[in-house]
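# Overview (structure and organization)
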2 protein chains.
Amino acid sequence: MTQARIIALTALLVTGFTGVARADEGMWLLNQFPSDRVQARYKFAPDQEWLHHVQLASVRLARGCSGSFVSAQGLVMTNHHCAHSCIEQLSTKEKDFVKSGFYAKTQADEVKCPEIEVNDLVEISDVTQRIEKATKGLPDQKYNDAQKAEMSKIEKECATSDKLRCDVVTLFHGGQYHLYKYRRYQDVRLVFAPELAIAFFGGDPDNFNFPRYDLDLSFIRVYENDAPANIEHYFRWSPKGPADEELTFVSGHPGGTDRSLTMAELQFQREVSMPAMLLRLAELRGVLTEFGRIGEEEKRISTEDLFFIENSYKAFKGELEALNDDKLMGKKSAEEKDLRAKIDANPDLKSRYGSAFDAIVKAENKYREIYKPYAMLERGNGLRSKLYEMAKTLVRAAEERPKPNEKRFRELRDSALPAVTQALFSSAPIYDQLEILQMTFNLTKLREELGADDPMVKKVLGKESPEELAKRMITTTKIKSVDVRKKLWEGGKKAVDASDDPLIKLAKLVDPDARAIRKKYEDEVEGPVKKNSELVAKSRFDVFGSSNYPDATFTLRVSYGQVKGWMENGKMVKPFTSFGGAFERATGRPPFDLPESWIASKKSLDPKTPFNLCTTNDIIGGNSGSPVFNKSGQIVGLIFDGNIESLGGNYGFDETVNRAVAVHSEGLITALDKVYHADRIVQELRPKTTIGAR
Amino acid sequence: MTQARIIALTALLVTGFTGVARADEGMWLLNQFPSDRVQARYKFAPDQEWLHHVQLASVRLARGCSGSFVSAQGLVMTNHHCAHSCIEQLSTKEKDFVKSGFYAKTQADEVKCPEIEVNDLVEISDVTQRIEKATKGLPDQKYNDAQKAEMSKIEKECATSDKLRCDVVTLFHGGQYHLYKYRRYQDVRLVFAPELAIAFFGGDPDNFNFPRYDLDLSFIRVYENDAPANIEHYFRWSPKGPADEELTFVSGHPGGTDRSLTMAELQFQREVSMPAMLLRLAELRGVLTEFGRIGEEEKRISTEDLFFIENSYKAFKGELEALNDDKLMGKKSAEEKDLRAKIDANPDLKSRYGSAFDAIVKAENKYREIYKPYAMLERGNGLRSKLYEMAKTLVRAAEERPKPNEKRFRELRDSALPAVTQALFSSAPIYDQLEILQMTFNLTKLREELGADDPMVKKVLGKESPEELAKRMITTTKIKSVDVRKKLWEGGKKAVDASDDPLIKLAKLVDPDARAIRKKYEDEVEGPVKKNSELVAKSRFDVFGSSNYPDATFTLRVSYGQVKGWMENGKMVKPFTSFGGAFERATGRPPFDLPESWIASKKSLDPKTPFNLCTTNDIIGGNSGSPVFNKSGQIVGLIFDGNIESLGGNYGFDETVNRAVAVHSEGLITALDKVYHADRIVQELRPKTTIGAR
């Protein structure tokens, strides 16, 4: 499944959902924005024009990040970690841009990123009635199939060219369905990235911490017909950055939150999926860390994977802590009891919603039964490596593409194919060593989780050890060649059936069982959960009203808040850090080593220049790269993280301690100017001004 | 802390404690053995003489295993994995006995194990009154200190020579206190061990599984005055092994169970300590796995550590699953509520026990607050490597030994010193590479858990990276030399204060904070928990009677049960496996590769020879190496594992699925005879008989 890799910038605590969002809480829909609340608290009410501009000036990186247009020439500002894969893909053993940074001095030096897709949201429409009509009165499984079919149909009708991307989005876990139509850009080129050492200064030890000193920044540019795209709506640069307590907005694409899940779903996470994912990540982290110690090249090729693993690991660990927090979960449990009591007390509500919660409990119990094989054969904990995922896509597509659009797996519906083929035909380098490492790990876990006597395990391994099989497959597979992949894609089922490539063969071997367990999951878990979650959502509308925000869905949201420190262990954490702090924190040893460029520029930098800041904006993983802007729509920061207290934000928001962490606009542009001498970009961000002259 | 490494042979499910043990459940005290129950179920009532013989013929390996005397000449049978460390310590790069096996053809070839201590229990006495008198009426902290002081005093009075080891054991978490007096053997020599490939055939994938095909066996011998010790009480060999459904006994030293813990303590495990330990083990597993791939020697020196990590990991994972099992925990919760209701309903009980449960809740909440620094600086999740632990022992001992025996840390009381010095002055090899790997990991975790800004982390790391510091310390420390360690031990505080050895310096740097957090733990967690657990235990005696068994405490217990298969997913698992099954299962690739000796002997082996078996005996980690014997006291098997269902046995026993796994006596002696031609041992086990002639 070509699932977006949501960058786990994540957001802990306390305020449950279901009721009405309080304070600065909320990841609001653009078309349901609570201007009255902002007005009440901050004396500023965003109007339709303001919101429309923000919508068009905000972009999504389809594989899991946010960004913003910052010039009329298609310049997009995002995080370094959002373009990390591109930076690595453009690097070689000889020239490592992750280490040394990248700057295209002229436009001609801008280089295409093999796998980045940028989406600009042009239209939102409500398709709730159409979806509901298609599923009305159907039992769980048919409900699920009919809903997916209708979504694929709507999306196909909408996406009249590859330049458009259309996604039907399920909001409130089923209470509303909106169609999101995006302008799609696949010609995206790298413009600028600093050295990883400053982009991720402090590394994993400082990740999800504040105070912080990171230039987690990159610029990319969207092209149209081989020229920079002309962009009407983009964010201007703030002349002086944000003040303490100033009102701040963040637009972006929070990947997902679980604030309104039922207790049965939360317990499943706490007891089953979260421990399983965390333990897998922890072990893989150990493997990759040790692999990176073998030598420079091993270090280089494993750095990105290790970053994402450590990032997810820390985020999930924070989430598990929240799930184990009796106070938070006690509150959620009480809220659910209260809602259920209100439903039961009203005969009309009871007849419509009375059985929904128990139906979800039942489905989650089924999920417990099938979780291991489902996770290992079909979902995230299974066979994962670049090459294997390509093989799986080829095998699946050969089977699915001949089917009518509405009958296919959702990830292979027509409107999804441009993103699928971009990844499949990517020219990004593939490293045998790393592929072998990952497939060895995957196959070992497959045997560990399902057992050495499991028929599928026996079929897959035969008499070979996981390592032996992984080595043989990766060293002999032909699908490392883009041409071979193209031929298999174009040749369809006949070509795939005839292929004796070891990875294609493995994917073919696994596919029937993977499909079977997926069907079981979709029919017995996903179907009933979807259908009954829609009922739960509606019961909330009926009981509490509908003026709330839905859980995050990797679609555009705007949050409001303010620049603000917080109290930690009785000490005030101030909201701004400075360049001087970075130099003080540096030890010269990774991950606390400043790059040479910064050490060389130290004299020309004012140590008081603000570097990072924190705000009360409600964000989470997927908001990485989001612009922070003031009420005039001017950039005052670039989101790249949340504080450690924000890690439970997946389940609830606590304004007293939950903070978004951003690069300060002044530190950002000063670094571009004084450290990197990236004049071309500075001029583009602030036409006809210079840093000194503002 | 020189904590016994309990071999996590572990024992899942359902039957809670508190009430009366049912069916074959129970790890019974030798001096409170329920002969009447055995009689009622199996028509055989062990008498005092029988129990006395079993007591003296059963031994403990002080670092975490069980064993049995099997000849008059001090021959001890235990598991391969219980002697694994010795086998590895006697190996070199050139001669790897772990891989090739070890057999001393003559007595003169038997080689001393540097770190094995064997304990034979000679006497049990009840010291409950003496302990209670010493602590009567004291508040939490003083209660704890006074109890420890009295224990150290009793032990010192009892241990009149280094040949004796005396431990006061807390039973029922404080309901009773017994003094265990052991004959101590520190001259222990390796006699026989098969190749790891057959000792642990199936490796981690098959660990905690059944059917099984393992010869997890070693023989060691206890010496006295440089000659084999004369042993009066030892187990004879069964002429024909056990039959299906035959009554079986297991004597041994189950390390610890948590069946009668309060809900607050179980929740702490589920939410805090268990996830923390598991995640650490998972990551370290990944690190060591990858390290072992570097080359043959890296593989060799990391094999034992990896085995123990994987074994504990799988066991803890099973335990966490049990803690997350709503059925099991719901039952325990209901039982606790019931007990508390009974206490509250009776004014006398209420006045004595009414506040005990809430006091434990409070202490566990405090434990949550201090867990991270306590675990990182003082307990299991912190700085661990052979060398660092030696440095810590030297620094601590220099401070503690001048104090009166009763005032010292318990692990440095007089009666504990022979075991401490055996480990400290061990000639076992130490590998720089592995020490660096472990210290790098430890220091990285220290920074990760406490944060880069923690004052202790800053003191420890300074400007160095964890890897840099680890390398510098391990490559320059002088305490790799036994002589240097001896001098520091003998030189005491003066020598330690004067030392500028980097590891000694690190231990000195950490010690004040480690002592402070330990004191906090002992005063605010351990003290109140101990004092109130004693009350909970007594309330159970008062409400339910005292005819039950206490949670395991790494002291001698006897369990009864029978040879029996079980139903798994609707299929019967038979209780015996055979040699033939091992040959069928072999793939030729680790860990399913039979050693050359077995392949060469295949023709001379009857494939029907029974190899492993399973029984209903209630065992857990620490029972590794326990003898399985029939009512005539004859050896019919050798415990080495439990099935996967037994992993929740830490919290409760379910006779329908919980199984102990053992090597069958006939398979064992046949392998000795036909595969290893270990005639000397075969004769010693079965004097004047031969395999063929029985």
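About the criteria used
- Residues numbered from 1 in each chain as written.
- Chains lettered and ligands numbered in written order.
- Predicted model: local features only at pLDDT ≥ 70, side-chain atom pairs only at ≥ 80, totals over all residues.
- Heavy atoms only, no water.
- Disulfide = S-S within 2.5 Å.
- Helix = DSSP H or I, 4+ residues; strand = E, 2+ residues; numbered from the N terminus.
- Buried < 20%, exposed > 50% of the residue type's maximum accessible area, 1.4 Å probe, protein only.
- Phe/Tyr/Trp six-rings, centres within 6.5 Å; stacked < 30°, edge-to-face > 60°.
- Lys NZ or Arg CZ within 6 Å of the ring centre and 35° of its normal.
- Contact = heavy atoms within 4.5 Å.
- Axes fitted to C-alpha atoms, helices over the stretch in contact; angles between N-to-C directions.
- Parallel < 35°, antiparallel > 145°, perpendicular 65-115°, else oblique.
- Left-handed = near helix turned anticlockwise from the far one by under 90°.
- Nonpolar A, V, L, I, M, F, W, Y, C, P; charged D, E, K, R; others polar.

### Here's the deal with the state of the cysteines
When the sulfur atoms of two cysteines share a covalent bond, that bond is a disulfide. Residue and element names in this part refer to chain A. This structure, assessed with the given rule, holds 6 disulfides over all chains. Two residues, Cys-65 and Cys-82, share a disulfide whose sulfurs are 2.1 Å apart. Because the torsion about its S-S bond is -75 degrees, the bridge between Cys-65 and Cys-82 counts as left-handed. Here Cys-82 lies in helix H3 (residues 80-89) and Cys-65 lies in strand E3 (residues 65-69), a separation of 17 residues in the sequence. With respect to burial, Cys-65 and Cys-82 carry one shared label: buried. Here Cys-86 pairs with Cys-113 through a disulfide, and the sulfurs are 2.1 Å apart. The sign of the S-S torsion, about -75 degrees, decides the handedness of the disulfide formed by Cys-86 and Cys-113: left-handed.

### Section: the packing of aromatic side chains
In the structure shown here, the tally under the stated rule is 58 aromatic pairs over all chains. Relative to Phe-307 of chain A, the ring of Phe-200 of chain A lies with its centre 4.8 Å away and its plane at 90 degrees, an arrangement referred to as edge-to-face. Taken together, the positions of Phe-200 of chain A in the loop between helix H7 (196-199) and helix H8 (203-206) and Phe-307 of chain A in helix H10 (residues 296-323) put the pair 107 residues apart, joining distant regions of the chain. Considering the side-chain rings of Tyr-367 of chain A and Tyr-521 of chain A, the 5.1 Å spacing of their centres and the 50 degrees angle between planes classify their relative orientation as tilted. With a gap of 154 residues between them, Tyr-367 of chain A in helix H13 (residues 356-377) and Tyr-521 of chain A in helix H20 (residues 502-544) connect regions that are remote in the sequence. What makes Tyr-521 of chain A buried here is its relative accessible area of 11%. Ring pairs connect the aromatic residues Phe-44, Trp-50, Phe-235, Phe-249 and Phe-629 of chain A, which therefore count as one cluster. The residue whose ring lies beneath Lys-486 of chain A is Phe-425 of chain A, and the NZ or CZ to ring-centre distance is 5.5 Å. Taking NZ or CZ as reference, Arg-236 of chain B lies 3.8 Å from the ring centre of Tyr-234 of chain B, over its face.

### Remarks on helix H2 (residues 48-57) of chain A
Those residues of H2 of chain A that fall on the buried side of the exposure criterion are Trp-50, Leu-51, Val-54, Gln-55, Leu-56 and Ala-57 of chain A. Where H2 of chain A is buried, its residues meet strand E2 (58-61), E3, strand E7 (118-126), strand E14 (247-252), strand E15 (557-562) and strand E20 (627-629) of chain A.

### A short note on the packing of helix H16 (residues 432-450) of chain A against helix H18 (residues 466-476) of chain A
Helix packing for two helices is described by the angle between their axes and how far apart those axes are. All names here are of chain A. The geometry of H16 relative to H18 is characterised by a closest axis approach of 8 Å and an angle of 140 degrees between their N-to-C directions. As summarised for this structure, H16 and H18 are arranged oblique, according to the angle between their axes. Note that H16 runs across H18; the crossing there is right-handed. Contacts between H16 and H18 pair Asp-432, Glu-435, Ile-436, Met-439, Thr-440, Leu-443, Thr-444 and Arg-447 from the former with Pro-466, Glu-467, Leu-469, Ala-470, Lys-471, Met-473, Ile-474 and Thr-475 from the latter. A breakdown of the residues in the contact of H16 with H18 according to their chemical character gives 8 nonpolar, 3 polar and 5 charged.

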